[in-house]
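Tertiary structure, described
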Amino acid sequence: MYYKNITSFNNLTYSIDMIRLKTYITYDKFSSLEFAFDTVYKNYVAKKYTSARMESFFFNYQIEIAEGISFWFGFLHNTENRGEAKDHTGKYNFTIEFNPNKLKDNAIIKYLLNISSEWFLRSYDLAVDLKVNILDIIVDKGLKRKCLIFSSGFDNKTYEIGSGDNRIKIYNKKIESKLDIQHDLTRIEISRKYDDFPISNIRLLKFGTDNFPELYLNNYVCSLTDYQDKTLYAIVYAVQNGYPINDLSRVYKQKIKKLFEGGSKIRFNDKDATQVLHQIIFAYFMSNSKMRWL
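Please read all numbers here as calculations on a predicted model, not as lab measurements.

1. Re the pattern of salt bridges
- Scanning the entire structure with this criterion turns up 17 salt bridges.
- A salt bridge links Arg187 to Asp17, with the shortest nitrogen-to-oxygen separation between them at 3.0 Å. Taken as a pair, Arg187 in strand S12 (residues 186–198) and Asp17 in strand S2 (residues 13–26) lie far apart in primary sequence, 170 residues in all. The same class applies to Arg187 and to Asp17, which are both buried.
- One salt bridge connects Lys257 with Glu214, and the closest N-O pair in it is separated by 2.6 Å.

Below, the structure written as structure tokens:
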């Protein structure tokens, strides 16, 4: 299920679910790469196409390793000046996006990552898995304006919070991946985006505690003092049964969060989140003798 993962003291499992990497190569280098995918790897090419859309790459490949396991790469972004491409002297954007948990140490991925000695991190999805049913998680969208909830009935549920950098997605991983396991499994994905962070400096990149969402387990047990405030007790009951915490007034939202802070808050670990990204990068690039590490 995982390529590299870390399970923390509170039984949260961290992994990297998607990563987008960028480098620059010449047109001649890409022509050699094209030849490889027209010959050696041709059986894995699910789709090969060009696009003139300004936000897209001109050359695009969809590579399918097995059913349900695929990745994409593109060359020559349509915003780039192609003047030097004609005489093959310039270098142009080559970007690859793949899921390490599915691709693992795939030989084609390693071949592509070996075409350059200078790579940049564009984005990645940190995945945090916990053995809890999604119905037992209370979600606080915090300061994010956007919060979409999709439900196909009972615990087949998905939250999408925010957009762009720090976009959060929470869903029932057991149902989504059709996992044959006894326990529940909820996945929390946090998307991070960067402006060409050098892979050679990856040791300097930290995930950041502020990027974790505020989530609570639905296991709070009311105390005798809670019964003294019957309104608060009713609100706790409502939140535990699915009423959105963000629809509460500011005062009662703070009261509820204060009650849940003790033993019900899901406590993420910045060190584990950072380390699992480093492990993925090192696994793919340490064998690349061309890489210049900090």
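Picking up after the structure, the text goes on.
2. Observations concerning the pairing of strand S3 (residues 45–50)
- Relative to strand S4 (residues 57–66), S3 runs antiparallel, the two being bridged by five bridges. Bridging across to S4, Tyr49 finds its partner in Asn60.
- Turn length for the S3-S4 hairpin, with the two strands adjacent in sequence and antiparallel, is six residues.

3. Side note on unusual backbone geometry
- A positive phi angle is found at Lys104, which is not glycine, with a value near 50°.
- Judged by its relative accessible area of 27%, Lys104 falls in the partly exposed class.
- Residues other than glycine seldom take positive phi values, yet Asn166 does so here, at roughly 70°.
- Asn166 gets classed as buried once you look at its relative accessible area, which sits at 14%.

4. Some thoughts on the nonpolar core
- In terms of nonpolar packing, the biggest core is built from 63 residues, with Leu21, Phe71, Phe73, Phe94, Ile96, Leu121 and Leu126 touching the most fellow members.
- Per-element accounting of this core gives the leading share, seven residues, to helix H9 (residues 270–285).
- Once residues lying within four places of it in the same chain are set aside, the contact partners of Leu126 are Tyr14, Ser15, Ile16, Ile188, Glu189, Ile190, Phe207, Phe212, Ala273 and Val276.
- By size, the runner-up hydrophobic cluster in this structure holds 10 residues, among which are Ile138, Tyr216, Ile235 and Val239.

5. Looking at the environment of Arg53
- Position of Arg53 among the secondary structure elements: in the loop between S3 and S4.
- When its relative accessible area of 53% is taken as the criterion, Arg53 is described as exposed.
- For Arg53 and Asn78, which are 25 residues apart along the polypeptide, the C-alpha to C-alpha distance reads 6.9 Å.

6. Focus on the side chain of Asn99
- Locating Asn99 in the fold gives a position in the loop between strand S6 (91–98) and helix H3 (100–103).
- Side-chain polar atoms of Asn99 contact the backbone nitrogen of Asn101, separated by 2.9 Å.
- Discounting residues that sit within four places of it in the chain, Asn99 has contacts with Ile16, Asp17, Met18 and Lys104.

7. Examining the packing of helix H7 (residues 230–240) against helix H8 (residues 250–261)
- Where H7 meets H8, the closest approach of the two axes is 11 Å, and the angle between their N-to-C directions is 75°. Classified by the angle their axes make, H7 and H8 are roughly perpendicular. Contact with H7, carried on its side by Thr231, Leu232, Ile235, Val236, Val239 and Gln240, involves Tyr252, Lys255, Ile256, Leu259 and Phe260 of H8 and no other residues of that element.
- Broken down by class, the residue content of the contact of H7 with H8 amounts to eight nonpolar, two polar and one charged.

8. A short note on the packing of aromatic side chains
- For the coordinates displayed, the defined rule picks out 24 aromatic pairs.
- Geometrically, the ring pair formed by Phe37 and Phe73 is tilted, given 5.2 Å between the ring centres and 55° between the ring planes. Placement of Phe37 in helix H1 (residues 27–38) and of Phe73 in strand S5 (residues 69–77) is noted, with a sequence separation of 36 residues between them.
- A residue is classified by how much of its surface remains accessible, and Phe37, at 1% relative accessible area, is buried.
- Relative accessible area serves as the criterion here: at 0%, Phe73 is assigned to the buried category.
- Positioned over the ring face of Tyr171 is Lys169, at 5.0 Å from the centre of the ring.
- Sitting over the ring of Phe207, Arg192 keeps its end group 5.7 Å from the ring centre.

9. With respect to the side chain of Asn166
- Following the sequence through the fold, Asn166 ends up in the loop between strand S10 (157–161) and strand S11 (167–172).
- Polar contacts involving the side chain of Asn166 include one to the side chain of Arg192, which spans 3.2 Å.

10. A look at H9
- Along its 16 residues, H9 runs 23 Å from first to last C-alpha, staying within 8% of the 22 Å computed at 1.5 Å per residue.
- Buried within H9 are the following residues: Asp272, Ala273, Thr274, Val276, Leu277, His278, Ile280, Ile281, Tyr284 and Phe285.
- Where H9 is buried, its residues contact strand S1 (5–7), S2, S6, H3, helix H4 (107–113) and strand S7 (120–130).
- The N-cap of H9, judged by a side-chain oxygen 2.9 Å from the amide nitrogen of Lys271 a few residues on, is Asn269.

11. Section: the pairing of S2
- Within S2, 10 of the 14 residues are buried, leaving the element largely enclosed by the surrounding structure.
- Here three bridges tie S1 to S2, and the two strands are oriented antiparallel to one another. Considered in S2, the bridge of Thr7 is made with Thr13.
- The hairpin formed by S1 and S2 contains five residues between the paired strands, and Asn11 there has a positive phi angle of roughly 70°.
- As paired elements, S2 and S7 share nine bridges and run antiparallel to each other. Within S7, the position partnered with Tyr14 by the bridge is Val128.

Thresholds applied
Residues numbered from 1 in each chain as written. Predicted model: local features only at pLDDT ≥ 70, side-chain atom pairs only at ≥ 80, totals over all residues. Heavy atoms only, no water. Salt bridge = Lys/Arg side-chain N within 4 Å of Asp/Glu carboxyl O. Helix = DSSP H or I, 4+ residues; strand = E, 2+ residues; numbered from the N terminus. Buried < 20%, exposed > 50% of the residue type's maximum accessible area, 1.4 Å probe, protein only. Pairing = 2+ DSSP bridges. Core = buried A, V, L, I, M, F, W, Y, C linked by side-chain atoms within 4.5 Å. Contact = heavy atoms within 4.5 Å. Polar contact = N/O pair within 3.5 Å; in protein donor to acceptor, adjacent residues only side chain to side chain. Axes fitted to C-alpha atoms, helices over the stretch in contact; angles between N-to-C directions. Parallel < 35°, antiparallel > 145°, perpendicular 65-115°, else oblique. Nonpolar A, V, L, I, M, F, W, Y, C, P; charged D, E, K, R; others polar. Phe/Tyr/Trp six-rings, centres within 6.5 Å; stacked < 30°, edge-to-face > 60°. Lys NZ or Arg CZ within 6 Å of the ring centre and 35° of its normal. Expected span 1.5 Å × (residues − 1).

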